[in-house]
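# Observations on the three-dimensional arrangement
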Amino acid sequence: MTISRFVFRFDLAVDSGGTEETFYATTHGFTTKPGDTPASTYIEESVAKDGAGSYRRDLFSGARVAGGSVPSFGIIKLDNTDGRLDDFARYASAGGRVTCYYGDDSKAFPSAYFVVYVSQISSVVADFEVITIRQKDRAEKLRTPVVAATFAGTGDLEGSSGGPGRKKQLIIGKPGLVPLIPVDTTKQIYYVQANAIEAAAAAGSGYLSVLEGGIPIVRGENYTFADFLWAEEPDIGEFRLWSGYGGTEFGGKIGSVAAANAYTRGPVFLRLKAPPQAELRYQGLGLLQNVDGEPPRRWRFTDLCNRAGLSDVTPQTLAPAPGGSEDFDVGNRLIEGDQTYEVVMNDRAASLNGAWGFNARGNFYCITLADPTAGLGSSVYTFTAENAE
C-alpha cells in the first residue's frame, strides 16, 4: 500500500555563528531511497496526531480585487514525550525556515514531492509532551514602517525644531507639494527628504522648486558641505539647497563645488534667509540611489523588499507568472509617518490593478490582473464544490 505523507524540513541556526543544520519530521515515518536527499535516512514520525496543521492563501488582502496575497499557516505540533527534540526546540525558538512537502512512497524525496509552502518560524512553545511551532510568511517584514529613522532632537542637523522622534521623510516619485520639516527655525534650515534627487535638480535645473504661499522662491547656489549650510545665510528672497555631499557631520571636509553640485544621494536640506510669511511647500522628484557611483532611479517593489531586509528579492529572482514577471514602480508618494511597506505596496497595486506576494516557494512576484474579457476565452481552471474545498 502506498502511504502519503507530509514532510517538514526545518533549517535552523544551531550556534551563535549561524551554523545551519537541517531537521526533518513527518506524519508517517519512512526511510529515504539511496538517490534521495538525504540518502538512506530514516525520517521519524515526529508530527503529533492532527499536528500537521492547515494552510490557506487569500488571493488579496482586503475586499478589493488587488494588492497582496495573504497566506495563513496552521501550527505544527511535534511529539516530544521522550524529550528527544529538546535541542531542536531550543534552536527553533531563535527562528528558521520551514518547507512543507507532500508526497508518497512511490516518489523520490524531495525532488518528486510537492512543495506545499515555505514559511518562517514565528514562535515555539514547548511543554513536556508537545512542541508547538507557529509560522509566518516572508511578508511579515513588509508589515513594518518604511521609515524608521527619526530626528534625535540633539541640535545641529538633528535639531530641536523638528522634534525628537519625528520621522525623516521619504519622497518617492512626484507626490506633489510636500511640507518641509523645520530643523532649526532660528537659522531657517529645513529638512526635505532622506533619499536621492535627480541629477538635473541637484545641479540647479530639473524638477525642483520651493513655494511660499504658492509662489516659487528664487533658488540660489548650492551649499557645498553641511558646514556651509549651517554657517551661511542665503540672500533675501532666495533658498539654497544642500543635497548631502560630504555627510551631515561638521568639519574635516575636502571636495569641490562641482562635485557637490553633481551629488544626488541625499539627505536633502534647504535654507531660507528669513521666516516664511505663508505656507512653505517643496516640489521635486524623489529617487533611489543605494551607492554614490550609481545614477539615481525610480523606486520599484523589489527595492522596498530590499529596504525591509529581504535582500534576495531582485528583478532577476521574481517568481515566474503568466504573461511574464513584473517589478511594479512604487509610484508617487510622501512617506512621513508609520506607513508600512505592505500599505504602500497595496495602494500602488490597487492603482495598477495588480497583485503581489510570495508564492508557495517563498519567491516574490508582481502581476497585472488581466481584463476578464481578454485572452482566448478558454477556461484555465474550473472550480467545483468538490475541488474548491
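The notes below deal with the structure included here. Values in this document were obtained by computation on a predicted structure and should not be read as measured data. (Residues numbered from 1 in each chain as written. Predicted model: local features only at pLDDT ≥ 70, side-chain atom pairs only at ≥ 80, totals over all residues. Heavy atoms only, no water.)

### Observations concerning the overall build of the protein chain
Short version of the rule: Strands here are runs of E lasting at least two residues and helices are runs of H or I lasting at least four, both read from the DSSP assignment and numbered beginning at the N terminus. Radius of gyration here is computed from C-alpha atoms only, and the compact-globule reference equals 2.2 Å multiplied by the residue count raised to the power 0.38. Categorising residues by exposure relies on relative accessible area from a 1.4 Å probe, with only protein chains included: less than 20% of the type maximum marks a residue as buried, more than 50% marks it as exposed, and the intermediate range marks it as partly exposed. Accessible surface is estimated by sampling points in the Shrake-Rupley manner with a 1.4 Å probe; for residues, cover comes only from the protein chains shown. None of His or the chain ends enter the tally, which takes Lys and Arg as positive and Asp and Glu as negative. Every charge is mapped to an atom, namely NZ of Lys, CZ of Arg, CG of Asp or CD of Glu.
For the protein chain, the helix and strand inventory stands at six helices and 26 strands. For a compact globule of 389 residues, the expected C-alpha radius of gyration is about 21 Å, and the protein chain comes in at 27 Å, more than 25% above that figure. Here the C-alpha coordinates of the protein chain stretch approximately 90 × 55 × 35 Å along the principal axes. Taking all 389 residues of the protein chain together, 42% fall into the buried category. Looking at the protein chain as shown, the accessible area adds up to about 19400 Å², and 52% of this sits on carbon and sulfur atoms. Here the protein chain holds 36 positive side-chain charges and 46 negative ones, and the gap between their average locations is 3 Å.

### Regarding the sheet that holds strand 26 (residues 364-368)
Put simply, the test is: Strand pairing is assigned whenever DSSP identifies at least 2 bridges connecting the two strands. Should any heavy atoms of two residues lie within 4.5 Å, those residues are counted as being in contact. Orientation is described by axes fitted as lines to C-alpha atoms, over the contacting stretch for helices, and by angles from 0 to 180 degrees between their N-to-C directions.
Strand order in this open sheet of three strands is 6-25-26, and the pairing throughout is mixed. The open sheet has two free edges, formed respectively by strand 6 (67-68) and strand 26, since each of these has just one partner strand. Looking at chain direction, strand 25 (residues 354-358) and strand 26 are connected through five bridges and run antiparallel. Bridge pairing in strand 26 places glycine 357 opposite tyrosine 365. Sitting on the sheet, helix 6 (residues 341-352) is in contact with strand 6, strand 25 and strand 26, with an inclination near 145° to strand 25.

### Re the pairing of strand 7 (residues 70-73)
Residue alternation in strand 7 divides its side chains into a buried set, Pro71 and Phe73, and an unburied set, Val70 and Ser72. Sheet analysis places strand 5 (residues 55-58) next to strand 7, joined by four bridges and oriented antiparallel. Bridging from a neighbouring strand, arginine 57 pairs with proline 71 of strand 7.

It is worth stressing that arrangement in space is one thing and function is another; only the former is reported here.
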